[in-house]
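Overview (structure and organization)
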Amino acid sequence: MNATKITSVLRRTLLSVALPLTALSCVRAQAPVPNGVVQSALYTKWINYTPANGFPAGEVYCVAVDGQRVWAGTSHGLVLLEDGRVSKVFSTDDGLAGRAVMSIAIDKESGDVWVGTFGGLSLYSGGKFKNYTNLTSGLANDLVYGVALQGQFLWVATAAGVNRLDTNTGSWSIFNETNAPFNEPWAYGISVAQQKVYFAVWGGGVLAYDLAKETWKPFTDPDGEQELVLYRNQGLIHNIVSSVSYNPDTKTFWASTYFGLSGYDGRNWHNYLTKDSGLASNFINAVQSRGDDVWASTQSGLSQLDTRTNTWITYSRNQKTGRGEILITHADGSKQQIATETSLAHNYILNTAFQGGDIWVATAQGLSRGIHVQPKE
């Protein structure tokens, strides 16, 4: 299969996942730890949110934390959880721009919530929705994949380029193939830094925008359309980038692709594939990084990389028993397996967010909350 056909297949695969579809008591693990093996703090308790406890059925595309409140974007609307319970499910009947919610950004000062949907952009403020569409505003396209706040500016990733909205003045800017190095103007994700903004672009790798200089720098796969990685750390692992996450602690941006994981620290690339790491799958929907950890949301589970020790921890669900499975892959290649009574809602992971030490995980069939448990001495 040539590169054009592969790209076409992957695009159809993404849309089949992203388009709205009509359906799609915690116990501490009692797992022995081998002698001489240091056990990291693990997520061994999971609470799942499904139709059984008032959560919408189907995919969860994104999740955002606002103090004690948690917002989740699903194929059937926007969900607000308070005190660990479903408080409200917002739909288009409530004024939401579109049913499928792909991204959420929270204004920490005002408490306003910006929502990217497959029907436009919504602002939830004062208990009401205000919508922005291609016909009623400067929004480039109504298929909104990503939103991110950077001071007074709201960045919006769409299927027809990137928008910047000045929330103070209401003025819009559009960046696409006419004024920026977009290979295709289909932007997926956004991550903001202090002086730069990083964009994940379909077929165009990662684009970095310098705010002071107002210049763009593309990061692309040196192999071009090759589906094989010729040299491990020569550059971005692939041009089909699903998300990007800038880590201010390590000054590294991480890019998730459908062919592996890449990180760039300003001098060196750090690439990971399943064949030479503990990564659950090379098909990665999203990446998050904080501190020394990198979290990859893959089609086969949730993988965590500790960059200090080069240790991988992958969380997955046993499809037959419903129990949780934790696979630890150490730097020397040795592996450690732990079983838990509870597990993720599903192995197809779409995104993550952190609430203190806990982690919220968006899956193809519900939302999961992992409770951080320190190992016993």
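Residues numbered from 1 in each chain as written. Predicted model: local features only at pLDDT ≥ 70, side-chain atom pairs only at ≥ 80, totals over all residues. Heavy atoms only, no water.

**Remarks on the environment of N271**
Secondary-structure assignment places N271 in strand β21 (residues 269-272). In this structure the side chain of N271 is engaged in a polar contact, spanning 2.7 Å, whose partner is the backbone oxygen of G235. Among the polar contacts listed, one links the side chain of N271 to the side chain of S262, at a separation of 2.7 Å. (Helix = DSSP H or I, 4+ residues; strand = E, 2+ residues; numbered from the N terminus. Polar contact = N/O pair within 3.5 Å; in protein donor to acceptor, adjacent residues only side chain to side chain.)

**Some details on unusual backbone geometry**
A positive phi is found at E214, a non-glycine position, where the angle reads about 55 degrees. Along the chain, E214 turns up in the loop between β16 (205-210) and β17 (215-219). Positive phi outside glycine occurs at K251, with the angle close to 55 degrees. Within the element layout of this structure, K251 appears in the loop between β18 (241-247) and β19 (252-257). With a relative accessible area of 56%, K251 lands in the exposed category. (Buried < 20%, exposed > 50% of the residue type's maximum accessible area, 1.4 Å probe, protein only.)

**Here we look at the sheet that holds strand β30 (residues 366-373)**
Pairing is antiparallel across the open sheet formed by four strands, whose spatial order is β1-β30-β29-β28. One side of each edge strand has no neighbouring strand; the edge strands of this open sheet are β1 (42-49) and β28 (349-355). For this sheet, the mean angle separating the axes of adjacent strands, direction not counted, is 25 degrees. Taken together, the seven bridges between β1 and β30 define a ladder with antiparallel strand orientation. Counted as the bridge partner of N48 is S368 from β30. (Pairing = 2+ DSSP bridges. Axes fitted to C-alpha atoms, helices over the stretch in contact; angles between N-to-C directions.)

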